[in-house]
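# Examination of the molecular architecture
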Number of protein chains: 2
Amino acid sequence: MKIIIDAMGGDNAPEQIVVGALQSAKEFGVQIVLVGRGEEILASMRKNGWDTLPDGVEIAHADDVVEMHDDPAQVIHQHRNSSMVLGLRMLSQGEGDAFISAGNTGALLTAATLVVKRIRGIRRAALAPVIPLGNSSILVDAGANVACTGEFLLQFGCMGSLYAEYALKKKNPRVGLLNNGTEESKGDDLRKEAYELLKAAHEKGNINFIGNIEAREAVGGDVDVIVADGFSGNIFLKGIEGTAKYMSKELTGIFKRNIISKLGALCCMKGIKNLKSKMDYRNIGGSMIIGISKPVIKAHGSSDALGTRGAIRQAINAVNCGFCEAIKEHVSDMTLPKE
Amino acid sequence: MKIIIDAMGGDNAPEQIVVGALQSAKEFGVQIVLVGRGEEILASMRKNGWDTLPDGVEIAHADDVVEMHDDPAQVIHQHRNSSMVLGLRMLSQGEGDAFISAGNTGALLTAATLVVKRIRGIRRAALAPVIPLGNSSILVDAGANVACTGEFLLQFGCMGSLYAEYALKKKNPRVGLLNNGTEESKGDDLRKEAYELLKAAHEKGNINFIGNIEAREAVGGDVDVIVADGFSGNIFLKGIEGTAKYMSKELTGIFKRNIISKLGALCCMKGIKNLKSKMDYRNIGGSMIIGISKPVIKAHGSSDALGTRGAIRQAINAVNCGFCEAIKEHVSDMTLPKE
C-alpha cells in the first residue's frame, strides 16, 4: 500500500509531517510518497536524524504550495504544481492508494472533487470527522456544503453509514438527523424533506435511520452517524470543540490552584490522561472527505508528527476496509431519479 | 413589583415552583402571583410548612394546564383557561410586571406573542438564554424561529445588544454573527444578508458588530451577543450542554475511580464546586423571550425551587433594567423599510 502525503500542508509543515510520515512508514510497514519541496523535505529529515530516504519512502517534488488564504476555486488553475494538486493527481492516476493533507480545507475539497472526482451519482463530497465523545460517532457534513438539498443529506446519511460499518466496524450503524427536536415534524423544510428520504431508505433496508436527534443526545453517543448540512454541522462540531477546550482550561486552573489541588490532580492523573488521550484529535485522525472515488483525508491543520501518524493510520484503514468501493456499489440506493 | 408565575409548568410543578416562589417572595421582597390549580398549590404549600399564604403572595386559580405535547398553535384556543394563558393575560392587562413559566416552550412563545404581543415593529420573538461559559454571552435565537430572514437576524442582534447592555450591564456589547468562518464572505445567503444589515447598523452607531464568529470562539467569551437563526442556535446551545454534561460525567468517573482518586477530588473540591455552580442553569435563570412587549421568561423545564428562584431574580432584573422599553425606543433602528 502506498500513501501520498502533502508534506507542505498545515501549521507544522514540512518538518512534523515528514517526521510523522517516516516514523509511520516503519511502524505500519507502508510505502509513503512525500509531495513538496524536495530541499525542505530533505532538510527536515536531516534535522531529525535521517541522512537518506528510508526504504519505501519517496519524494515527489512540487515547487508550489497552497496557502491558507488561497481561493479554493482557483487552486487547481493557479497552483497546478502545488504539493496538494500534484498529490491528488498522483492518487487519481493510481500512483498511490490514499492522499492526506493538513492544508487549506476548502482547497482540498475542491481540488479532490476536480482532480480525483466524486463517485458517479454522488452529488457532493462532504467532510466526515469522528466525534470522539460517547461512542465515536461520525458527523457528515462538518462544513463542506453550507447549502444542501434533501438528496445531499440522504447521501450523507447513506455514505456515513457505510463508513461507520466498514471503517469503524459498527454493526447496523444508527443514522440520526441532527435537528432541533426529536418529533418527525421538527425543523425547517430541508430537515422535513431529508427526514422523508432517510425514512424511505430505512424502509427499503438500506440504512438504520433512527429519526431526528438533538445536539445534546448526538454528543452523548446515542447515534453512530450524525447527518447535518455543512453549516449547522460546522457549528455543532466547533461548539463541542470550544466547550471541551473551555472546560479543560478551567480544570487546569482548578488543579493548579494551590499545592493541595496539585496533589489532588496527581491522584487522578491516570484517569485525566485517559480522557485527554480519548479527546486528542491526534489519536483520532483527520476528517475523511467522503464521496470522493478514492480515500482523501483532511488532517488537522495543527498536525504534528503524532497527528500525521493518526491520519496515516486512518488512511491505511480506509484503503483496507474498502468503503469507497462499498459506496460505489450502493450508490443507486442513495440517488433520486432525475426529474 | 409583582411577578406572575405559572405554578403548573415544568417537570417539578407545582411543588418545586411553589416552594421557590414563596422563598423568593421573602428573599427579594417582591409580590408573587401563583397561577394554577388552587388546591394543588395549597397542598404543595402545606407539605412544605406554609399553612397560610404569606403576605404579598396570591393564587390565581386556573383549572387547565398546558402539557408538553400540546400543539403550540392551538394552546390559546384549546387551553384558554390554562395557567400559562391566564398568567399571560394577567401580564398583558397590567396585573403584574413579568411572567415566568417552565412549561412547553413552543406554547409559551406562541401564547406570549398572541396574548402579550410583540413590540411594534419587531418581526419575531426569540429565545435568548445566557451561555454561562467564558463571559456569559447571550444567544439570540436559541430555537424559536427555524426559518429566518436577514431582518430577523438584524433584530436579534440589536435586541440582544440592548439586553446585554441593560440587563447584563455590559458596556458597548460585542455582537457577533454565528457562522462557519470569520471571513465576510462566509456562510449561506442568509448569513451574507444578515452580515450586511448588521454591518450597516454598526456603521450607523446602533450596535458594536464585530463580524462573523465561529462556534469555537463564541463559546470561549470572545463575544457578548451571539446572533443565530433558531435552528443553528439550538444546535449550538444543545451541543454545548451535551459536551458539558459528557465531560462532567467522565470527570465524576475519574474522581470515583478508587480511594486515591477520591482523595484527589477532595483536594480540588472548592474549584470543582465553583465551576459546577457557574455552569448550573439554576444560578443563571431561564431564557428571556425577547421581542415581547413585557418581560416573559422561559424557565428550565426541570426547574426546582432553586431554578425557580433564579428565574424570579432574572425577572426582577428584567423589570428593573427596563430593556423592553429600551427596545421600544430603538425599534426604528432595527426595522427595514417595507418594500
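Rules used in this analysis
Residues numbered from 1 in each chain as written. Chains lettered and ligands numbered in written order. Predicted model: local features only at pLDDT ≥ 70, side-chain atom pairs only at ≥ 80, totals over all residues. Heavy atoms only, no water. Helix = DSSP H or I, 4+ residues; strand = E, 2+ residues; numbered from the N terminus. Rg over C-alpha atoms; globule rule 2.2 N^0.38 Å. Buried < 20%, exposed > 50% of the residue type's maximum accessible area, 1.4 Å probe, protein only. Contact = heavy atoms within 4.5 Å. Lys, Arg positive; Asp, Glu negative; His and termini not counted. Charge placed at Lys NZ, Arg CZ, Asp CG, Glu CD. Least-squares fit on C-alpha atoms with pLDDT ≥ 70 in both. Expected span 1.5 Å × (residues − 1). Polar contact = N/O pair within 3.5 Å; in protein donor to acceptor, adjacent residues only side chain to side chain. Salt bridge = Lys/Arg side-chain N within 4 Å of Asp/Glu carboxyl O. Buried area = accessible area lost by both parts, 1.4 Å probe. Nonpolar A, V, L, I, M, F, W, Y, C, P; charged D, E, K, R; others polar.

Further remarks concern the overall build of chain A. The helix and strand inventory of chain A stands at 14 helices and 12 strands. Over its C-alpha trace chain A gives a radius of gyration of 21 Å, about what one expects of a compact globule, namely 20 Å for 339 residues. In terms of its C-alpha atoms, chain A occupies a principal-axis envelope of roughly 60 × 60 × 35 Å. Burial analysis of chain A (339 residues in total) assigns 58% to the buried set. Restricting the contact set of chain A to residue pairs at least 6 apart, pairs at least 24 apart contribute 72%. On chain A, the mean spot of the 39 positive side-chain charges and the mean spot of the 39 negative ones are 5 Å from each other.

Rotating chain B by 180° and translating it 0.0 Å along the rotation axis places it on chain A, where the RMSD comes to 0.0 Å. Those values place the two copies in the arrangement expected of a two-fold rotation axis. Closest approach to the rotation axis among the C-alpha atoms of chain B is made by Gly264 of chain B, whose C-alpha sits 1.7 Å away.

All names here are of chain B. Between the first and last C-alpha of helix 9 (residues 230-255) there are 37 Å, a value that for 26 residues agrees with the 38 Å anticipated at 1.5 Å per step. The element helix 9 is extensively covered by neighbouring structure, given that 19 of its 26 residues are classed as buried. Where helix 9 starts, the residue carrying a side-chain oxygen 3.0 Å from the main-chain nitrogen of Phe231 turns out to be Asp229.

This next bit is on the pattern of salt bridges. Here the structure, examined in full by the defined rule, presents 26 salt bridges over all chains. Between Arg309 of chain A and Glu27 of chain A there is a salt bridge, and its shortest N-O distance comes to 2.7 Å. With Arg309 of chain A in helix 13 (residues 305-321) and Glu27 of chain A in helix 1 (residues 15-28), this residue pair connects regions lying 282 residues apart in the sequence. A relative accessible area of 22% means that Arg309 of chain A is categorised as partly exposed. The partner of Lys238 of chain B in a salt bridge is Glu214 of chain A, and the shortest N-O contact between them spans 2.1 Å. Of the two residues, Lys238 of chain B sits in helix 9 while Glu214 of chain A sits in the loop between strand 9 (208-213) and helix 8 (215-220), which places them in two different chains. With a relative accessible area of 12%, Lys238 of chain B lands in the buried category. Through salt bridges with shared partners, one network takes in Lys170, Arg174 and Asp224 of chain A.

Now for the interface of chain B and chain A. Each partner contributes to the interface: chain B provides 48 residues, whereas chain A provides 48 residues. Summing both sides of the interface, chain B and chain A together bury roughly 4300 Å²; the carbon and sulfur share of this comes to 73%. Applying the counting rule to chain B against chain A returns four salt bridges. At the junction of chain B and chain A, the tally comes to five residue pairs in polar contact (both at pLDDT 80 or more). Every element with two or more residues in the side of chain B that touches chain A is listed here: helix 8 (215-220), helix 9, helix 10 (259-267) and helix 11 (269-279) of chain B. Element by element, the count of residues in the side of chain B that touches chain A is highest for helix 9 of chain B, at 19 residues. Residue classes in the side of chain B that touches chain A are distributed as 23 nonpolar, 14 polar and 11 charged.

Residue and element names in this part refer to chain B. Given a rise of 1.5 Å per residue, 12 residues ought to cover 16 Å, and the 15 Å separating the end C-alpha atoms of helix 5 (residues 105-116) matches this to within 8%. Those residues of helix 5 lying buried are Ala107, Leu108, Leu109, Ala111, Ala112, Thr113, Val115 and Val116. The residue sitting at the N-terminus of helix 5 and contributing the capping side-chain oxygen is Asn104; that oxygen lies 3.2 Å from the backbone nitrogen of Gly106. Of the residues trailing helix 5, Lys117 is marked for its positive phi of about 75°.

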